[in-house]
Amino acid sequence: MAEFVASFITGFQGVVERDLPLRLPGLKILNLFDGLVHFSYAGNSHDLEKIIYFNNTFFVLKTYKGKNLSFNFMVGELCRQNKYFLITKGSFRVRFQNENQFTKVEKNVVRRVEDYVLNNTKLKVDRVSPSTEIWFSIRREGFGFAGQLISKREFTEKNLNKGELRPEIAYLISCFAGIKKDDVILEPFCGYGSIPVQIAKKFEYSKLYVSDIDELKVQEVAQKKQLLNNSTVEVCCADAFGLEHIKDKSVSLVVTDPPWGYYEEINNIEDFYIKMFDSFRRVLKEEGRMVILSARKEEIEKAATRMNIQTVDSLHTLVNGKKASLYLMKF
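Residues numbered from 1 in each chain as written. Predicted model: local features only at pLDDT ≥ 70, side-chain atom pairs only at ≥ 80, totals over all residues. Heavy atoms only, no water.

## Structural notes on the pairing of strand β11 (residues 207-212)
The side chains of a regular strand alternate, first on one face of the sheet and then on the other.
Line of reasoning, step 1. Of all six residues that make up β11, five are buried, and the element is covered over most of its length.
Line of reasoning, step 2. With four bridges joining them, strand β10 (residues 184-187) and β11 adopt parallel strand pairing. Counterpart to Ile185 in the pairing with β11 is Leu208.
Line of reasoning, step 3. Bridge analysis of β11 against strand β12 (residues 233-237) gives five bridges, and the strand direction is parallel. The residue of β12 that forms the bridge with Asp212 is Cys237. (Buried < 20%, exposed > 50% of the residue type's maximum accessible area, 1.4 Å probe, protein only. Helix = DSSP H or I, 4+ residues; strand = E, 2+ residues; numbered from the N terminus. Pairing = 2+ DSSP bridges.)

Here it is as structure tokens:
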């Protein structure tokens, strides 16, 4: 069975561990680290491109374990064996990465790898713009791998609006929420719709209420709803502190990315979160859950304490270069 390695956004390894075998039946996780998963899979390698949260995906040529791994050792071990490559036509270059940072090695080490690939494939060397890459990577956990890059996600922040979540982050947040078939879900700070779009496309639920105080954003989300053609989604313009369109004790799950106070004028973000929680308390059922993303860790945790809210689970990640925390909370 072929082995693969894929990278993903930091902090979500627990979510990936639960979600990945569900998305690709027959997949077996062999090693799991922060931001990296090593697994075996007997299916078509193109199936891996469907996993929205994979960044770089590699066909594994060899794995290594040890606290003092070196690139010289890794290259030597690989080149002593005949190896099958997944991509055999096109061009390639060789890259070396130590703890997520690219590093240079001696030219003779690079040439040894290049000669090895040239002898085992029809690939040609292109150190500027290749169609595939051969990576040697060392991690601080004492794990390393040599792999052939088979897919690479292009990050398109330039196509996103300021503060808009990338689709893969919105998907992972939704996975973290543990959405159930009978959930009535509320997203009251929908912005440009990253979270509700992922929920509507990828999850089963009973009802999804989507709202924002910004009418232009709501109109844009409403257009996305039409594309989804999903009758279980209700979109409207509403103040998250009021939520007049939501009945008392009717929502089982809130999933949201509320303002952080970086892009909006909010005098006191802690008080803002307290008002938010007070509004959620009215609409949430008994044992209702709240999944909330915020870069204002100190303020949201203080607000939760003042409101006697329990943090059931949390993780820490990076969103648009900023440290952020994701919480699962209950009253």
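## A word on the nonpolar core
The nonpolar side chains of a soluble globular protein tend to be buried, and buried together.
Line of reasoning, step 1. With 101 residues, the main nonpolar core has Leu20, Phe39, Tyr53, Phe136, Phe277 and Phe280 as its most contacted residues.
Line of reasoning, step 2. Leaving out residues up to four positions away in the same chain, Phe280 has contacts with Pro188, Phe189, Leu243, Val254, Thr256, Met290, Ile292 and Phe331.
Line of reasoning, step 3. By size, the runner-up hydrophobic cluster in this structure holds nine residues, among which are Val5, Phe33, Leu36 and Val60. (Core = buried A, V, L, I, M, F, W, Y, C linked by side-chain atoms within 4.5 Å. Contact = heavy atoms within 4.5 Å.)

## As for the packing of aromatic side chains
Line of reasoning, step 1. This model, assessed by the stated rule, comprises 19 aromatic pairs.
Line of reasoning, step 2. Consider the rings of Tyr53 and Phe54, whose centres lie 5.6 Å apart with planes at 85°: the pair is edge-to-face.
Line of reasoning, step 3. On the basis of relative accessible area, Phe54 is assigned to the buried category, the value being 2%.
Line of reasoning, step 4. Ring geometry for Tyr64 against Phe73: centres 6.3 Å apart, planes inclined by 65°, an arrangement best described as edge-to-face.
Line of reasoning, step 5. For Tyr64, a relative accessible area of 4% puts it in the buried group.
Line of reasoning, step 6. For Phe73, a relative accessible area of 41% puts it in the partly exposed group. (Phe/Tyr/Trp six-rings, centres within 6.5 Å; stacked < 30°, edge-to-face > 60°.)

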